[in-house]
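Structural features, examined
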Amino acid sequence: APLASIDEEGAEESASNDGDDEAADSNNEGEPEAALPSVPSVRFAEDANEAADSNNEDSNAAVEFGESNKGEPEAALPSVPSVRFTEDDTDEDKLANEDETEEPTYRALCCARMRCRREIKEWEGERSRTNKCLSCLNVTLWVLISLGFIFFVIINIGAQQQANSTFTLLGPAQIKLYSGFRDGAVCAFDDRGPASNITTFANREAANAAGFKVLHCQPCGECSSWENLRIEWVTRNYLAAESARCAKKSLFGGGGAVTSCLEQPPIEFQDKCAKCWTRDILCTKKYCAFIFLQSQLINTVGNFNVKEGTITSAVCEEAHCELEDGPGSGKMGFVECSGATRRRMNIVSSIERPKWQQCLTVDVNYTELFGECCERPRDFYETAPKWQELDNMGLVWRDVY
């Protein structure tokens, strides 16, 4: 029932509006139409009742305007530009969308960055000291971790490049150094203890014919003296580690610091021999540093085993520094400079070598000459006084012990 009454009222309202429109039309019939200002047309399709009320108000206004101006000439009213909200709104939306998709200018980015910084500073000013300390700690940790990862990546890239170089140079270097080296020249002595005459012979047969015994294959070098031969023998179990310790001194003290370290116990190489070792250490530092650092990171710095397919600092040194003082340098390498190496002396050391690189034509027993020392550096200090006594008496180990 309430709905029916509302419908009836709406019908009566509509009828009265229609009657008013007809009356207005009859009053204005026969008169010239006045040029009314164009009013922006607005379409509100969503609300039918508001549209009807608007039409009724316009009709009533037209009736009053017609009655008041009867008999008077119509004035030309100024034209008002018509506005189409629907089309203009659409155009504005398109322009807004284009503005949103347009890339910002450099100036706009700079201004935004400055505003952002200003806001950050204002925000930081409001934070407590504890929050500021925690923020600084987080940034510091992040920087340190990032630098650590960068360092690790650089070390591994460098180590891989040096490993590739080692694989390329190792084979040719070993062939030139050890292919047929047992049949060539030898370094021999006349077995008179510390006063022995040590010299080079064309081959083993020539040395034995002269009453000499072979000390090592290939010609004598700077480390082929009596004292240096003894050091090569007694340090066979720890020389690699001790020379690596001396090599670290090159980081700050240069070659002089390395030579000084090699001349001190528990090594005690003589002057020229120590310089040969120093050259070799500096060459190894130049061409094998990343492999050494990588071994520090993975805790294999003490791995001196030389096996097929294994790249260590010792293998890298052999490939780059033993034949020449650096690949392609043309300078004397470590093996030629020192003369006496443990492979040439047929000494099995802490660095395991292939059998075909050992000189099996050596005539002497180094245990008889210098004793069984030393398993560790401490043994060197305990035995060194005995060697000094033997040297003073012109004797060898077997003569007394």
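Relevant structure appears above.
Here the structure is a predicted model, which is why all the values come from computation and not from measurement. (Residues numbered from 1 in each chain as written. Predicted model: local features only at pLDDT ≥ 70, side-chain atom pairs only at ≥ 80, totals over all residues. Heavy atoms only, no water.)

It is worth spelling out the state of the cysteines at this point. Tallying each qualifying case throughout the model produces eight disulfides. Through a disulfide, C217 is tied to C359; the S-S separation comes to 1.7 Å. Taking the torsion about the S-S bond as the criterion, the C217 to C359 disulfide, at about 65 degrees, is right-handed. Of this pair, C217 sits in strand β3 (residues 213-217) while C359 sits in the loop between α12 (334-338) and α13 (366-370); the two residues are 142 residues apart in sequence, bridging distant segments of the chain. (Disulfide = S-S within 2.5 Å. Helix = DSSP H or I, 4+ residues; strand = E, 2+ residues; numbered from the N terminus.)

What follows concerns the packing of aromatic side chains. If you walk through the whole model with that rule in mind, you get 11 aromatic pairs. Summarising the aromatic geometry, the rings of F189 and W226 are spaced 6.4 Å apart at their centres and angled 40 degrees between planes, so their arrangement reads as tilted. On the criterion of sequence distance, the pair formed by F189 in strand β1 (residues 186-189) and W226 in helix α7 (residues 226-234) is long-range, its members being 37 residues apart. By relative accessible area, which is 1% here, F189 ends up buried. Exposure remark for W226: the relative accessible area of 6% places this residue in the buried category. What links up through ring pairs into an aromatic cluster is the set F189, W226, W233, Y366 and F370. When the ring centre of W233 is taken as origin, the NZ or CZ atom of R236, which lies over that ring, is 3.8 Å away. (Phe/Tyr/Trp six-rings, centres within 6.5 Å; stacked < 30°, edge-to-face > 60°. Buried < 20%, exposed > 50% of the residue type's maximum accessible area, 1.4 Å probe, protein only. Lys NZ or Arg CZ within 6 Å of the ring centre and 35° of its normal.)

Pairing within the open sheet is antiparallel, and its three strands lie in the order β2-β1-β3. Strands with a single pairing partner mark the edges of an open sheet, and in this sheet they are β2 (198-201) and β3. Neighbour-to-neighbour, the strand axes of the sheet open up by a mean angle of 35 degrees, direction not taken into account. Where β1 meets β2, four bridges bridge the pair, whose relative direction is antiparallel. When the sheet's bridge partners are listed, F189 is paired in β2 with I198. (Pairing = 2+ DSSP bridges. Axes fitted to C-alpha atoms, helices over the stretch in contact; angles between N-to-C directions.)

What follows is about the nonpolar core. Counting 42 residues, the largest nonpolar core has V234, L262, F269, W277, Y366 and L369 as the members making the most contacts within it. A per-element tally of this core places α7 first, with five residues. With residues near it in sequence (within four places) discarded, F269 still touches N228, I231, E232, L239, L262, E263, A274 and W277. If you look at the next biggest cluster of nonpolar residues, it comprises six residues, including V186, A188, F201 and A207. (Core = buried A, V, L, I, M, F, W, Y, C linked by side-chain atoms within 4.5 Å. Contact = heavy atoms within 4.5 Å.)

With that out of the way, let us pick up α7. Residues spaced three or four apart along an α-helix face the same direction, because each turn holds 3.6 residues. α7 sits mainly inside the fold: eight of its nine residues count as buried. Within α7, burial applies to W226, N228, L229, R230, I231, E232, W233 and V234.

For the rest of this paragraph, the subject is the pairing of β3. β3 sits mainly inside the fold: four of its five residues count as buried. Two elements, β1 and β3, share four bridges in a ladder whose sense is antiparallel. Of the residues in β3, the one forming a bridge with V186 is C217.

Attention now moves to a nonpolar patch on the surface. A cluster of nonpolar side chains, L134, L137, V139, L141, W142, V143, L144, I145, L147, F149, I150 and I154, forms an exposed patch at the surface whose accessible area comes to about 1200 Å². For F149, the location among the structural elements is in helix α5 (residues 129-178). Residue classification places F149 among the exposed positions, given a relative accessible area of 57%. (Patch = residues over 30% accessible without salt bridge, like charges linked within 9 Å, V, L, I, M, F, W, Y side chains within 5 Å. Areas by Shrake-Rupley, 256 points an atom, 1.4 Å probe, with all protein chains shown as cover. Salt bridge = Lys/Arg side-chain N within 4 Å of Asp/Glu carboxyl O.)

This brings us to helix α11 (residues 313-321). With eight of its nine residues buried, α11 lies for the most part within the structure. Considered for burial, the residues of α11 that qualify are A314, V315, C316, E317, E318, A319, H320 and C321. Looking at the buried positions of α11, the neighbouring elements they touch are α5, α10 (271-297) and α12.

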